[in-house]
Amino acid sequence: MKYELSMCLAGIRPHFWKRLYDSAIISCSRYSWEMVIISPNDLPPEMQGLDNVKYIYDKGCPTRATQHGAAECSGRLLMFPCDDGVFIPESCNQAIDLFNAAGGPKDGMVLRYKEGAGMNAPSFPIEYWNARYHLGDGNLRFGNNWKIAPQPMLNLDYYKQLGGVDCVTFECMSWATWDLCCRMQRDGSNFHLSPIEVMDADNYGECGVDHAPIFYAHSVDQQAFMNIHTTSLAESRINIDFDNWKKLPEIWARRWGG
């Protein structure tokens with residue numbers, strides 16, 4: 001079946017998945033959607049048998065798992081939710097409405113979100129979604145008005161054409177999506193801000209609960225990003241090999257050892 005939206009979720013917290021799924025029903029009530037879950041943990045019993053849920057086993061790093069899932073998605077549009085949050089009512093409906101009205105085949109959308117401990121955080125300022133709000137390095141090889149979308153939405157076909165995220169360079173999705181957004185905008189993409197925030201996400205702090213591997217990988221990924229995007233390597237960086245995820249170890253040593 002062809003869906004309007006694929007929610008590609010690389011997650012390790014199955015106790016939250018049904019909550020996320022239920023919130024998606026309210027958020028994306030006017031469009032067809034699927035939730036593709038990639039994880040080393042089993043699908044909860046209450047989600048087994050749901051027609052629009054697909055489960056893929058993968059014990060690799062988050063970028064590998066995400067790309068593995070994207071290869072199995074069948075939506076017209078693609079997004080990457082997190083499993084420690086919930087969708088805000090009507091948010092996916094409104095995001096797709098705007099994308100259909102304003103988005104070209106190469107365009108992307110910044111799916112704005114809130115994030116804070118206990119899902120009790122204020123909204124980020126609009127400037128937060130500008131790349132240079134976070135990185136003022138004058139050597140960065142990108143435009144002053146470029147956007148960043150830790151949770152982007154874009155056409156699945158275009159995502160595959162670009163090669164998706166760079167799993168070889170980045171372990172986690174944060175800097176991998178920065179790199180994806182840079183490659184898109186270098187290719188002429190326009191980014192639109194979602195009309196309202198799409199998700200309300202939790203935050204476990206630097207090393208809280210199960211977050212430590214992500215926290216430590218983040219600084220490694222940030223340096224890798226800077227090594228590319230402050231040099232001439234960035235100037236022609238647009239398309240990569242979509243199957244790059246297959247070059248990664250099947251087990252993410254940072255989390256699982258080995």
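This one's a predicted model, so the numbers in the text were calculated from it and none came from an experiment. (Residues numbered from 1 in each chain as written. Predicted model: local features only at pLDDT ≥ 70, side-chain atom pairs only at ≥ 80, totals over all residues. Heavy atoms only, no water.)

Draft legend 1. Summary view of the sheet that holds strand β3 (residues 53-57). Within the open sheet, the 7 strands sit side by side as β3-β2-β1-β4-β8-β6-β9. Their pairing is mixed. Bordering the open sheet on either side are β3 and β9 (191-193), each of which pairs with just one other strand. Neighbour-to-neighbour, the strand axes of the sheet open up by a mean angle of 25 degrees, direction not taken into account. Relative to strand β8 (residues 152-155), strand β4 (residues 75-79) is paired through 3 bridges, and the arrangement is antiparallel. Its bridge partner being in β8, Leu 77 is matched across the sheet by Asn 155. (Pairing = 2+ DSSP bridges. Helix = DSSP H or I, 4+ residues; strand = E, 2+ residues; numbered from the N terminus. Axes fitted to C-alpha atoms, helices over the stretch in contact; angles between N-to-C directions.)

Draft legend 2. Quick look at helix α3 (residues 91-102). The first and last C-alpha atoms of α3 sit 16 Å apart over 12 residues, in line with the 16 Å expected at 1.5 Å per residue. Within α3 the residues assigned to the buried category are Ser 91, Cys 92, Asn 93, Ala 95, Ile 96 and Phe 99. Buried positions along α3 lie against β1 (3-10), α1 (17-27), β4, β5 (85-87), β6 (108-110) and β8. (Expected span 1.5 Å × (residues − 1). Buried < 20%, exposed > 50% of the residue type's maximum accessible area, 1.4 Å probe, protein only. Contact = heavy atoms within 4.5 Å.)

Draft legend 3. Spotlight on the packing of aromatic side chains. A complete count under the given rule lists 14 aromatic pairs for this structure. Between Tyr 113 and Phe 124, the aromatic rings sit 5.9 Å apart at their centres with planes inclined by 85 degrees, giving edge-to-face as the arrangement. One end of the pair, Tyr 113, is in strand β7 (residues 113-115); the other, Phe 124, is in the loop between β7 and α4 (131-134), and 11 residues separate them in sequence. Seen from their ring centres, Trp 175 and Phe 225 are 5.0 Å apart, and the 40 degrees between their planes marks the pair as tilted. Taken together, the residues Trp 175 in helix α6 (residues 173-186) and Phe 225 in helix α7 (residues 212-229) connect sequence positions 50 residues apart. Directly above the aromatic system of Trp 256 lies the positively charged group of Lys 59, at a separation of 5.0 Å from the ring centroid. (Phe/Tyr/Trp six-rings, centres within 6.5 Å; stacked < 30°, edge-to-face > 60°. Lys NZ or Arg CZ within 6 Å of the ring centre and 35° of its normal.)

Draft legend 4. Just the pairing of strand β2 (residues 33-39), in detail. Most of β2 sits inside the fold, with 7 of its 7 residues counted as buried. In β2, alternate side chains face the same way, and those of Trp 33, Met 35, Ile 37 and Ser 39 on one face and Glu 34, Val 36 and Ile 38 on the other are all buried. Bridge count for β1 against β2 is 6 bridges, and the pairing is parallel. Following the sheet pairing, Met 7 is matched in β2 by Met 35.

Draft legend 5. Looking closely at the environment of Ser 232. Tracing the backbone through its elements, the reader meets Ser 232 in the loop between α7 and α8 (253-256). By relative accessible area, which is 55% here, Ser 232 ends up exposed. When the C-alpha atoms of Ser 232 and Val 168 are compared, they prove to be 19 Å apart, with 64 residues separating the residues in sequence.

Draft legend 6. Molecular detail of the side chain of Asp 221. Looking at the element boundaries, Asp 221 is found in helix α7. Of the buried charged residues, Asp 221 lacks a salt bridge, with Arg 254 as the closest side chain of opposite charge at 6.7 Å. Side-chain polar atoms of Asp 221 contact the backbone nitrogen of Cys 172, separated by 2.9 Å. Setting aside its immediate chain neighbours within four residues, Asp 221 contacts Thr 169, Phe 170, Glu 171, Cys 172 and Trp 175. (Lys, Arg positive; Asp, Glu negative; His and termini not counted. Salt bridge = Lys/Arg side-chain N within 4 Å of Asp/Glu carboxyl O. Polar contact = N/O pair within 3.5 Å; in protein donor to acceptor, adjacent residues only side chain to side chain.)

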